[in-house]
Amino acid sequence: MSSVTILDGGFATQLSVHVGKSIDGDPLWSARFNATDPNAVFKTHLDFLEAGAEAIMTNTYQASIEGYGEYLHLNEDTSLNLIKSTVRVAQMARNHFLAQTPAEERPTIPLLVASIGPYGAHLHDGSEYTGSYSSEVSMDTIQKWHRPRIDACLEAGVDVLGIETIPCKMEAEALLDMLCEEYPTVRFWISFQCKDNLHLANGELFSETVNSLWAKARARRNKNLLALGVNCVHPQIVTPLFRSVNEQKLPECRIPLIVYPNSGEVYTIEEGWQGREDCVPLEHYVPQWIELGARFVGGCCRTYARDIKRIKQSVTGCGTIGNQR
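Residues numbered from 1 in each chain as written. Predicted model: local features only at pLDDT ≥ 70, side-chain atom pairs only at ≥ 80, totals over all residues. Heavy atoms only, no water.

Draft legend 1. Focus on the pattern of salt bridges. In the structure shown here, the tally under the stated rule is 14 salt bridges. Among the salt bridges present, the one from Lys169 reaches Glu173, with a minimum N-O distance of 3.9 Å. One end of the pair, Lys169, and the other, Glu173, are both in helix 7 (residues 169-182), four residues apart, so they sit about a helical turn from each other. Neither residue differs from the other here; Lys169 and Glu173 are each classed as buried. Residues Arg302 and Glu265 are paired through a salt bridge, measuring 3.1 Å at the closest nitrogen-oxygen approach. (Salt bridge = Lys/Arg side-chain N within 4 Å of Asp/Glu carboxyl O. Helix = DSSP H or I, 4+ residues; strand = E, 2+ residues; numbered from the N terminus. Buried < 20%, exposed > 50% of the residue type's maximum accessible area, 1.4 Å probe, protein only.)

Right, here's the structure in full:
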């Protein structure tokens, strides 16, 4: 079986350990701390690396020119420089980890992944969880919005683009087209936000979308699409989603999948996160996800470094571990 790469967990969740307050509800979310407390961002990356993460994602999900302009009053150049410095904080954390960890205790060098959140994230209207903007903006508009942040992250130096929480097929296709045409040597993954165990947040079938994107990348002879999958979803819906893609395929024909779900808690604006005591630990799901083709596994909202440590133990128990350089 191919190796599985351990991802990090919920960045804002672990960051709250260091900043001592809830971050949910802030229009910039954890991205505000890139400007106000980069040391806490550094410590958060280090927490995940010390817990066993083999890939860490930059704290850029909610970082955008528009968001930094509106809420931090930064101009375009300063906003892009802040995104670049945020990548460098992740680099510093990785370097610190490598310097303090004997080589025999870390068989691979952790991947540095740029977090590329969806167009809807900067709107701060919940549309990243519905994809409603897919009928209101063009693919060209989507590409123009993503391009400056992608360029900034690549210029600062990342190994992979983690295109995440994408709610609609249109945005995924726009990004796939742009990466194939303009960034042919850049490795990336695309993970979706889904509303149930069959459909993307915007209503398209997950299986049809994943099969279509994978076929399109192969038709373009692009081998840098590392995986397709889901993040920021309830863990209970992951297995049926993955079955819909890979269960009927021969092992050699299966699409490599990625999964980093929420803890299983449910969030409402009125009450925040609820239901921790009812959650099934993520590591219990891991063997079935790997069996269905998961090649990257981690956590999203409400998952801490301690959760990543347990996920890694579960993956190790399956006999398959190590990042894909």
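The structure having been displayed, the exposition proceeds.
Draft legend 2. Spatial organisation of the packing of helix 8 (residues 206-219) against helix 9 (residues 238-246). The contact between helix 8 and helix 9 brings their axes to 8 Å, and the two run at 50 degrees. Considered as vectors, helix 8 and helix 9 are oriented oblique to each other. You can see that helix 8 and helix 9 cross each other, and the crossing is right-handed. Contacts between helix 8 and helix 9 pair Phe206, Ser207, Val210 and Asn211 from the former with Leu241, Phe242, Ser244 and Val245 from the latter. Its residues placed into classes, the contact of helix 8 with helix 9 shows five nonpolar, three polar and no charged. (Axes fitted to C-alpha atoms, helices over the stretch in contact; angles between N-to-C directions. Parallel < 35°, antiparallel > 145°, perpendicular 65-115°, else oblique. Left-handed = near helix turned anticlockwise from the far one by under 90°. Contact = heavy atoms within 4.5 Å. Nonpolar A, V, L, I, M, F, W, Y, C, P; charged D, E, K, R; others polar.)

Draft legend 3. Helix 5 (residues 76-100), seen in detail. With 25 residues, helix 5 ought to run about 36 Å at 1.5 Å a step, and its terminal C-alpha atoms sit 37 Å apart, in line with that. The opening residue of helix 5, the one whose side-chain oxygen lies 3.3 Å from the backbone nitrogen of Asp77, is Asn75. (Expected span 1.5 Å × (residues − 1). Polar contact = N/O pair within 3.5 Å; in protein donor to acceptor, adjacent residues only side chain to side chain.)

Draft legend 4. Spotlight on the sheet that holds strand 1 (residues 5-6). In space, the eight strands of this open sheet follow the order 1-10-7-6-5-4-3-2, with parallel pairing throughout. With one partner strand each, in any of the chains shown, strand 1 and strand 2 (55-57) form the two edges of the open sheet. Looking at chain direction, strand 3 (residues 111-116) and strand 4 (residues 160-166) are connected through four bridges and run parallel. Following the sheet pairing, Ile116 is matched in strand 4 by Ile163. Across the sheet, helix 8 is in contact with strand 5 (187-192) and strand 6 (225-231); its angle to strand 6 comes to roughly 165 degrees. (Pairing = 2+ DSSP bridges.)

Draft legend 5. Focus on the nonpolar core. Membership of the largest hydrophobic core comes to 83 residues, with the highest contact counts inside it found for Ile190, Phe192 and Phe206. Sort the elements by how many residues they give to this core and helix 5 lands first, with nine residues. Ranked by size, the runner-up nonpolar core spans 15 residues in total, among them Leu111, Cys232, Phe296 and Cys301. (Core = buried A, V, L, I, M, F, W, Y, C linked by side-chain atoms within 4.5 Å.)

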